[in-house]
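So the chains spell out like this:
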Amino acid sequence: MELNASYTSFVAVGDSFTEGMSDLLPDGSYRGWADVLAARLAARTQDAPGAPGAPGFRYANLAVRGKLIGQIVDEQVPIAAALQPDVITLVGGLNDTLRPKCDMGMVRGRLEEAVERLAPSCKTLVLMRSPGRNGPVMERFRPRMEELFSLVGELAERHGAVVTDLYGAASLGDPRMWDVDRLHLTAEGHRRVAEAVWQTLGLPAESDWQKPMPESAPARWAQRRVDDVRFARQHLLPWIGRRLTGRSSGDGRAGAQFDAGLGKAFWITPEDAADPGPVTGWRRADD
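Residues numbered from 1 in each chain as written. Predicted model: local features only at pLDDT ≥ 70, side-chain atom pairs only at ≥ 80, totals over all residues. Heavy atoms only, no water.

A. Inspection of the side chain of Asp 23 at higher detail. As for its placement among the helices and strands, Asp 23 is situated in the loop between helix H1 (16-19) and helix H2 (32-47). Of the residues examined, Asp 23 reaches a relative accessible area of 2% and is grouped as buried. Beyond its immediate chain neighbours, meaning those up to four positions away, Asp 23 contacts Ser 29, Tyr 30, Arg 31, Gly 32, Leu 185, Ala 187 and His 190. (Helix = DSSP H or I, 4+ residues; strand = E, 2+ residues; numbered from the N terminus. Buried < 20%, exposed > 50% of the residue type's maximum accessible area, 1.4 Å probe, protein only. Contact = heavy atoms within 4.5 Å.)

B. Fine view of the nonpolar core. Within the largest apolar cluster, 38 residues are counted, with the highest numbers of intra-cluster contacts made by Val 11, Val 13, Leu 90, Leu 125 and Leu 127. Every element with two or more residues in this core is listed here: strand E1 (9-14), helix H3 (69-75), helix H4 (77-83), strand E3 (87-91), helix H6 (104-118), strand E4 (124-129) and helix H7 (136-159). With eight residues, H7 is the single largest residue contributor to this core. Other than its neighbours up to four places away in sequence, Leu 127 contacts Leu 90, Val 115, Val 152, Leu 155, Ala 156, Ala 161, Val 162, Val 163 and Thr 164. Listed in part, the 35 residues of the second largest apolar core include Leu 41, Met 128, Leu 166 and Leu 185. (Core = buried A, V, L, I, M, F, W, Y, C linked by side-chain atoms within 4.5 Å.)

C. Molecular detail of the layout of surface pockets. Taken as a whole, the second largest pocket spans an internal volume of roughly 660 Å³. Lining the second largest pocket we find 28 residues, and of these Leu 25, Ser 29, Tyr 30, Arg 31 and Asp 35 sit closest to its centre. Only H2, strand E2 (58-61) and helix H9 (187-200) provide two or more residues apiece to the lining of the second largest pocket. Residue contributions to the lining of the second largest pocket peak at four residues, all from H2. The residue makeup of the lining of the second largest pocket, split by class, is 13 nonpolar, six polar and nine charged. (1 Å grid on protein atoms, 1.4 Å probe; cavity = no way out; pocket = protein on both sides within 12 Å on 5 of 7 lines; lining within 4 Å. Points joined across faces, edges and corners; volume = space filled by probe spheres on them. Nonpolar A, V, L, I, M, F, W, Y, C, P; charged D, E, K, R; others polar.)

D. Looking closely at the pattern of salt bridges. Taken as a whole and assessed by the stated rule, the structure comprises 16 salt bridges. Arg 108 is paired through a salt bridge with Glu 154; the nearest N and O atoms lie 3.8 Å apart. On the criterion of sequence distance, the pair formed by Arg 108 in helix H6 and Glu 154 in helix H7 is long-range, its members being 46 residues apart. One salt bridge connects Asp 174 with Arg 176, and the closest N-O pair in it is separated by 2.8 Å. The class for Asp 174 is buried, based on a relative accessible area of 14%. (Salt bridge = Lys/Arg side-chain N within 4 Å of Asp/Glu carboxyl O.)

Shown next, in the form of structure tokens:
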């Protein structure tokens, strides 16, 4: 894999973690670490001298909330491979491990299938050991998660991928890094993940993503109980309901850069590719 290179295209594959929940923007859309990383890579590309007529930075986020590893492999991986980008990030399988009944043999097989398909189709394939919020849910599912993350390391070594290791990072285990649903990172959490992937790509660090949050007084007992009740009513019970009825939060949804009507993905590129510096907006790239 080629590190510290000039990355001019990036495709993100995965579930809600990569889609960007819960980094909510005023217009109701989600940003998330992949979008933050794309904007930083685009700014770096625009700052670097390029060949005349060379295309600008291109980005596509195919991730959809609630997707299991089999769905990711069937629905997103072939599209990402066909785009032939410089960088692909693949994060999947964690939703499977959180199901009461999980066939870890199937998860291993489908994740390996994804890596085998994606690694030859890009310059750099980034895999990830995802973070987890400290608490009883993490402890219950830890053995499955660690089995999944062990496989991630094996596949990376076998296929020349790189790994962003967020698992066990104290900074991302802090409950304050997690939204009220206790499943998705806050905007600050997503920013730190973007920095971690940035460094995995061999790019110079711009911040310390592992720096602990400032110490604060623990919430009072009464406030914790209020938070628990709100969490159960707004997030836990709906999640259980979807499991019992076989539904998913991603049903009927497509990735941000996938045109369901045309049945294909599309690239987006900075609105003003000639303007170096931070990306202030994106537009759909010409086919």
